[in-house]
Amino acid sequence: MILDSHCPEGPLTQKWDKHVADMKLVNPANKRKYTILVVGTGLAGASAAASLAELGYNVKAFCIQDSPRRAHSIAAQGGINAAKNYPHDGDSVWRLFYDTIKGGDYRSREANVYRLAQLSNSIIDQCVAQGVPFAREYSGELANRSFGGAQVSRTFYARGQTGQQLLLGAYGALMRQVDSRKIEMFARREMLDLVTIDGKARGIITRNLVTGEIERHAGDAVVLCTGGYGRIYYLSTNAMNSNATASWRAHRRGAYFANPCYTQIHPTCIPVTGHHQSKLTLMSESLRNDGRVWVPKRKEDSQKDPSTIAEENRDYYLERKYPSFGNLVPRDVASRNAKEVCDEGRGVGATKLAVYLDFRDPIKNDGIGKIREKYGNLFDMYARITNEDPYQVPMRIYPAIHYTMGGLWVDYNLMSTVPGLFVLGEANFSDHGANRLGASALMQGLCDGYFVIPYTIGDYLSKIGPAHSSAQDSAFAAAERDVQGEIGKLLEVGARGKRTVSEFYAQLGHIMWDKVGMARSDAGLKAALKEIPALQAEFWENVKIPGSGGDVNAQLELAGRVGDFFELGQLMARDALERTESCGGHFREESQTAEGEAKRDDERFGYVAAWEYKGPRAAEVLHKEQLVFENAHLSQRSYK
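Presented here is an overview of the structure given in this document. (Residues numbered from 1 in each chain as written. Predicted model: local features only at pLDDT ≥ 70, side-chain atom pairs only at ≥ 80, totals over all residues. Heavy atoms only, no water.)

Observations regarding the overall build of the chain
At step 1: When helices and strands are tallied, the chain shows 16 helices and 22 strands.
At step 2: Computed over C-alpha atoms, the radius of gyration of the chain comes to 24 Å, within 12% of the 26 Å expected from 2.2 N^0.38 for 640 residues, which places it in the range of a compact globule.
At step 3: The dimensions of the chain, computed from C-alpha atoms along their principal axes, are 75 × 60 × 50 Å.
At step 4: When contacts within the chain are restricted to residue pairs at least 6 apart in sequence, long-range pairs at least 24 apart make up 75% of them.
At step 5: For the chain, the computed accessible surface area is about 24,000 Å², with 48% contributed by carbon and sulfur atoms. (Helix = DSSP H or I, 4+ residues; strand = E, 2+ residues; numbered from the N terminus. Rg over C-alpha atoms; globule rule 2.2 N^0.38 Å. Contact = heavy atoms within 4.5 Å. Areas by Shrake-Rupley, 256 points an atom, 1.4 Å probe, with all protein chains shown as cover.)

A word on the pattern of salt bridges
At step 1: Across all of its chains, the model carries 52 salt bridges by this definition.
At step 2: Of the charged contacts in the structure, one is a salt bridge between glutamate 215 and arginine 189, with a shortest N-O distance of 2.7 Å. Taken together, the positions of glutamate 215 in strand E9 (residues 214–218) and arginine 189 in strand E7 (residues 189–197) put the pair 26 residues apart, joining distant regions of the chain.
At step 3: Within the structure, one salt-bridge network assembled from shared partners comprises Asp105, Arg107, Asp332, Arg336, Arg579, Glu581, Arg600, Asp602 and Arg637. (Salt bridge = Lys/Arg side-chain N within 4 Å of Asp/Glu carboxyl O.)

Details of the sheet that holds strand E1 (residues 35–39)
Whenever strands of a sheet pair, they do so through backbone hydrogen bonds, lying parallel or antiparallel.
At step 1: Strand order in the open sheet formed by 5 strands is E6-E2-E1-E10-E18, and the pairing between neighbours is parallel. A single partner strand is all that each edge strand has here, and the edge strands are strand E6 (183–187) and strand E18 (421–423). In this sheet, adjacent strand axes meet at a mean angle of 20° when their direction is disregarded.
At step 2: In the sheet, strand E10 (residues 221–224) pairs with E18 via 3 bridges, with the strands oriented parallel. For valine 223, the partnering residue across the bridge sits in E18 and is phenylalanine 422. (Pairing = 2+ DSSP bridges. Axes fitted to C-alpha atoms, helices over the stretch in contact; angles between N-to-C directions.)

Comments concerning the pairing of strand E8 (residues 200–208)
The side chains of a regular strand alternate, first on one face of the sheet and then on the other.
At step 1: Extensive coverage of E8 is indicated by the burial of 8 of its 9 residues.
At step 2: Two successive antiparallel strands, E7 and E8, enclose a turn made up of 2 residues, where aspartate 198 displays a positive phi of approximately 55°.
At step 3: Looking at chain direction, E8 and E9 are connected through 5 bridges and run antiparallel. When the bridges of E9 are listed, glycine 203 appears paired with alanine 218.
At step 4: The antiparallel hairpin formed by E8 and E9 contains 5 residues in its connecting segment, where glycine 212 sits at a positive phi of about 85°. (Buried < 20%, exposed > 50% of the residue type's maximum accessible area, 1.4 Å probe, protein only.)

Some remarks on helix H1 (residues 15–22)
Since the α-helix turns once every 3.6 residues, residues separated by three or four places project in the same direction.
At step 1: Along H1, the residues that are buried comprise Lys15, Trp16 and His19. Each buried residue of H1 lies within a common arc of 90° when the element is viewed along its axis, so the set occupies one face.
At step 2: In this structure, the buried residues of H1 make contact with helix H4 (110–129) and helix H11 (441–464). (Arc of directions from axis to C-beta.)

What to know about empty space enclosed by the protein
At step 1: One pass over the full model with this rule turns up 5 cavities of 30 Å³ or more.
At step 2: Size it by volume and the largest cavity reaches roughly 130 Å³.
At step 3: Mapped onto the lining of the largest cavity, the elements with two or more residues apiece are E7, helix H6 (245–252), helix H12 (474–496) and helix H15 (554–578).
At step 4: A breakdown of the residues in the lining of the largest cavity according to their chemical character gives 5 nonpolar, 2 polar and 6 charged. (1 Å grid on protein atoms, 1.4 Å probe; cavity = no way out; pocket = protein on both sides within 12 Å on 5 of 7 lines; lining within 4 Å. Points joined across faces, edges and corners; volume = space filled by probe spheres on them. Nonpolar A, V, L, I, M, F, W, Y, C, P; charged D, E, K, R; others polar.)

Here we look at helix H8 (residues 331–343)
At step 1: Compared with an ideal rise of 1.5 Å per residue, which puts 13 residues at 18 Å, H8 spans 18 Å between its outermost C-alpha atoms and is within 8% of the ideal.
At step 2: Across the 13 residues that make up H8, a large majority, 10, are buried.
At step 3: Within the sequence span of H8, burial applies to Arg331, Asp332, Val333, Ala334, Ser335, Arg336, Asn337, Ala338, Val341 and Cys342.
At step 4: The positive-phi residue at the C-terminal boundary of H8 is glycine 345, with phi of around 95°. (Expected span 1.5 Å × (residues − 1).)

Examining the side chain of serine 416
At step 1: Within the fold, serine 416 resides in the loop between strand E17 (407–408) and E18.
At step 2: Classification of serine 416 by relative accessible area gives buried; the value is 5%.
At step 3: Here valine 418 takes part through its backbone nitrogen, which lies 3.1 Å from a polar atom of the side chain of serine 416.
At step 4: Every residue in contact with serine 416, bar those within four places of it in the chain, is listed here: Ala255, Trp409, Val410, Leu421 and Val423. (Polar contact = N/O pair within 3.5 Å; in protein donor to acceptor, adjacent residues only side chain to side chain.)

Spelled out as structure tokens, the structure:
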């Protein structure tokens, strides 16, 4: 298959407008003839479902939680980017585009990124109209603050609850359509397979997580909005329910998986405290606006009370190394530097795997009231978790897995290599390259759902006409048998197995973090490609799963997701092994500058890696979409 991005011709600034003008439309009266399945109800899914139903389509929305309000989008704290330029500090759509391309280390598609920047202002207008309570200046104008990777203030926020407030806005729009009976809501459902008929996506197979019933759902198109795969590392900032099963099952049905090695390490997480943890807590990147990151200059001071360490003995290493951006360097740069100083033995805290995020100076300069006004709920959260008062002592932070830039390959229309399967938000690869700038995830999810998919899916449906697919079709029966067979195999092994799912999961996560984590090497990746299959084989022989498939069974749910993670983990390691360059969140130890910075190889690796599934024991096939930069000048990133 030739990977055709279907990017419109013409100047970058005019591509989307021209594309919208050229797309075919579905007659308003005919929209009620189509049924669209939207899987996932976070920001991308809720906004897409609401928008499509508002247009007149029949929508079925599937939610793995008991309510769309519990989607993981709710956890985003810091803000959402847009190029409104309210502070009059030189921002523009072009600067947002360029910062995003540069932040992604020139590994994303120009046309998609420019569209994201172009539509960003409309997102803010939409959310304000929905009542999202963004912070405001005394004048009444919406407030902005700075985020990593930019020298302007373009991040709109609602204290430390931005994701929650945006999700409530989208949820309100979603439930309005549920009340109008244009959306049929299916809560506590997990997608376990994609159904294709004549090569087109025509439905899904789900499991009712309450009754255990396997269900068939037919439609004219499927919109996948199920988030990323960061939970493959076991310890991450993602919700416990977050997983990659829907994307992976679609991959097995023909949707190419793009850039799986691109994972994001967030530098501002509460450090690990012990083996009892199954999740990590993120402290918003907005804290780096005012907080200063430092470690002691001397190893022998690492366990001292930080208040006793004199100013001249503190190393504000980000400010020292990157004077232009200081503490607001992008996430990958901040994370690698934190690892570096800890590897030198200058890490702080009981584990020595932490650095300080200190608010002493901003409290002294601006007053405790101002800091409490900006970050009070985040400080309270930190205090509850650590039993330390961050107004009095520095926070301790350390990098952790947070976001995944890789995902299913999509073209400019957000359609995968399976016709009729559209992929939105973090589940696709399209906008962030090798590293996502902070406050851009919420932007992408809402842009895809509110402003892109309503146009592009209409163009697709107008060309194929209503399918009138039936869940009684033989393709649905075959997919259901496959799902039942996999569940049956898990339960059969689980009845005699000795090791819990969580034991296998934690061991897999350790391999991934150690060898496919913050830094990768040829030797480590090759070791991972031996260790993961060996652990996978043991899993399918010795995993313990109590209960049955006919009722609520959390261990069975988890086992299915971990089974998929074993396959995905091998693909991530292979993709990382193939890409012998460093770019963004993918740092190969063999490819770095004399100063320890990431060293790209544009001539050999200036492409999107899109992998084709060939079977459970067959090697995946690599396809390449060459990236063309006509507007962004390729250069090695520098934040100094």
